[in-house]
Amino acid sequence: MNERLLELETEAIVLIRETYAAFKKPVVLYSVGKDSSVLIHLVAKAFYPIKPPMPLLHIDTGYKFPEMIEFRDRRAAELGFELLVRRNESAISAGTHPHKHGIASCCGALKTEALLNALDEGGYDVALGGARRDEEASRAKERFFSHRDSFGGWDPRQQRPEPWFHFNTLLDDGESMRAFPLSNWTEQDIWDYIQAQSIELVDLYYAKPRPIKRRGEQLIPVVDADPAAETLSIRYRTLGCHHCTAAQASDADTLDAIIAETATATLSERSSRLIDHGVSTMEDKKREGYF
């Protein structure tokens, strides 16, 4: 492993251990994506040889790719994590869907509300996530420890300074933190580390022929039989709900090919996430308590 990856790994493990030491009840957010796969690998590594002392929390919207659910259960068990799955059952039963209710409303109910309820019910005072600063403008404003108010909301103007790796982790009643050990990583770092550490990923990241439908310039996955679908060699750079995650045409079916493709990419990986292109911005969602 090269020097940069070693420095990033060391930094992340220090932050993971600091989180465990500083808070009463931590939890790790697990989306099943590549970044959270790196995060749970690092959490397991930080506490080896004992089992990870923090549970995984997965927010299931009911619209995740089937491959993600199977991988989630298997991978959590392999690494020795307790896995918690939470859903907003009332919103799912009501048929909440982005095409009917809008992306912002759907995401607010199925993701943000479900997450805030899960954190409140579990009494978790800190949630570790796999967000990186290079992903998106509002995430670039985050600190390693991101303060959230008693409603789970985030105010970028009220974030605490972190000089020379000194952290203020004190909380008033009802407040919480989000911790981001991968803040300084780039998408290229993530892929290089996955290769260096032989981290297993859900195979949606690897190109193969899959059914899609075109929506403008976006390639939208088809998860149910649809005679209008076409088959194209695609892969995903980022994963979310299947109706809000566009694919990219690609033949990159190995780690070497993905790393080479990432090195020449000119668009952000989140350009394929429809949630980032609505009227409500990512910063708006984060202020409301989004991941």
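Preceding this paragraph is the structure being described.
Treat the numbers as computed from the prediction; the structure is a model and nothing was measured.

Visitor: Outline the overall build of the protein chain, listing residues and values.
Guide: When you go through the protein chain residue by residue, the secondary structure sums to nine helices and 10 strands. The C-alpha atoms of the protein chain give 18 Å as radius of gyration, which agrees with the globular expectation for 291 residues (19 Å, within 12%). Principal axes of the C-alpha set define a box for the protein chain whose edges measure 55 × 45 × 35 Å. Classification of the 291 residues of the protein chain by burial places 53% in the buried group. A sequence separation of at least 24 residues applies to 73% of the contacts in the protein chain between residues at least 6 apart.

Visitor: Tell me about the layout of surface pockets, and name the residues and values.
Guide: Quantified by volume, the second largest pocket comes out at close to 250 Å³. Around the second largest pocket, the lining comprises 14 residues; the ones closest to its centre are Asp120, Tyr124, Ser150, Gly174 and Ser176. For the lining of the second largest pocket, the elements supplying multiple residues, two or more each, are helix H6 (103-122) and strand E6 (176-179). Broken down by element, the lining of the second largest pocket gets its largest block of residues, three residues, from H6. Split by residue class, the lining of the second largest pocket holds four nonpolar, five polar and five charged.

Visitor: Help me get a handle on the sheet that holds strand E3 (residues 83-86), residues and values and all.
Guide: Read across the sheet, six strands follow the order E3-E2-E1-E4-E6-E5 without closing on themselves; strand pairing throughout is mixed. Every other strand in the sheet has two partners, leaving E3 and strand E5 (145-148) as the edge strands with one partner each. Here the strands of the sheet are splayed against their neighbours by 30 degrees on average, with no regard to which way each runs. Here strand E1 (residues 26-29) pairs with strand E4 (residues 126-128) via three bridges, running parallel. Across the sheet, residue Pro26 finds its bridge partner in E4, namely Val126. The sheet contacts of helix H2 (residues 34-47) involve E1, strand E2 (56-59) and E4, and relative to E1 the element is tilted by about 145 degrees. Most of the contacts of H6 go to E2, to which it runs at about 145 degrees, and overall it touches E1, E2, E3, E4 and E6.

Visitor: Account for unusual backbone geometry, naming residues and giving values.
Guide: Negative phi is the rule for most residues except glycine; trans is the rule for most peptide bonds. Here the residue pair Tyr48 and Pro49 is connected by a cis peptide bond, since its omega of 15 degrees sits within 30 degrees of zero. Turning to its location among the elements, Pro49 is positioned in the loop between H2 and E2. Of note, Trp164 is a non-glycine position whose phi angle comes to about 50 degrees, a positive value. Its place among the elements puts Trp164 in the loop between E5 and E6. For Trp164, a relative accessible area of 78% puts it in the exposed group. Its identity as a non-glycine residue notwithstanding, Ser198 has a phi of 55 degrees, on the positive side. Within the secondary structure layout, Ser198 lies in the loop between helix H7 (187-197) and strand E7 (208-215).

Conventions and cut-offs
- Each chain has its residues counted from 1, running along the sequence as written.
- With the structure being a predicted model, the display of local features is reserved for residues of pLDDT at least 70 and the display and counting of side-chain atom pairs for 80 or more, all residues being used for whole-chain, interface and lining totals.
- Water and hydrogen atoms were dropped before computing side-chain values, which therefore reflect all heavy atoms in the structure.
- Under the DSSP-based scheme used, a helix requires at least four consecutive residues in state H or I and a strand at least two consecutive residues in state E, with every element numbered from the N terminus.
- Taken over C-alpha atoms, the radius of gyration is set against a globule rule of 2.2 Å times the number of residues to the power 0.38.
- With a 1.4 Å probe rolled over the protein chains alone, any residue whose accessible area is under 20% of its type maximum counts as buried; one over 50% counts as exposed, and the rest are partly exposed.
- Note on contacts: a residue pair is in contact if any heavy atoms of the two residues lie within 4.5 Å.
- Both cavities and pockets are sets of points on a 1 Å grid over the protein atoms alone; in a cavity a 1.4 Å probe fits but cannot get out, in a pocket the set is open with protein on both sides within 12 Å along at least five of seven lines, and lining residues sit with an atom within 4 Å of a point.
- Grid points are joined across faces, edges and corners, and a volume is the space filled by probe spheres set on the points.
- Only Asp, Glu, Lys and Arg are considered charged, only Ala, Val, Leu, Ile, Met, Phe, Trp, Tyr, Cys and Pro nonpolar, and every remaining residue, Gly among them, polar.
- The pairing criterion is simple: DSSP has to find at least two bridges between the two strands.
- Interaxial angle, 0 to 180 degrees, is taken between N-to-C directions of lines fitted to C-alpha atoms, where a helix line uses only the stretch in contact.

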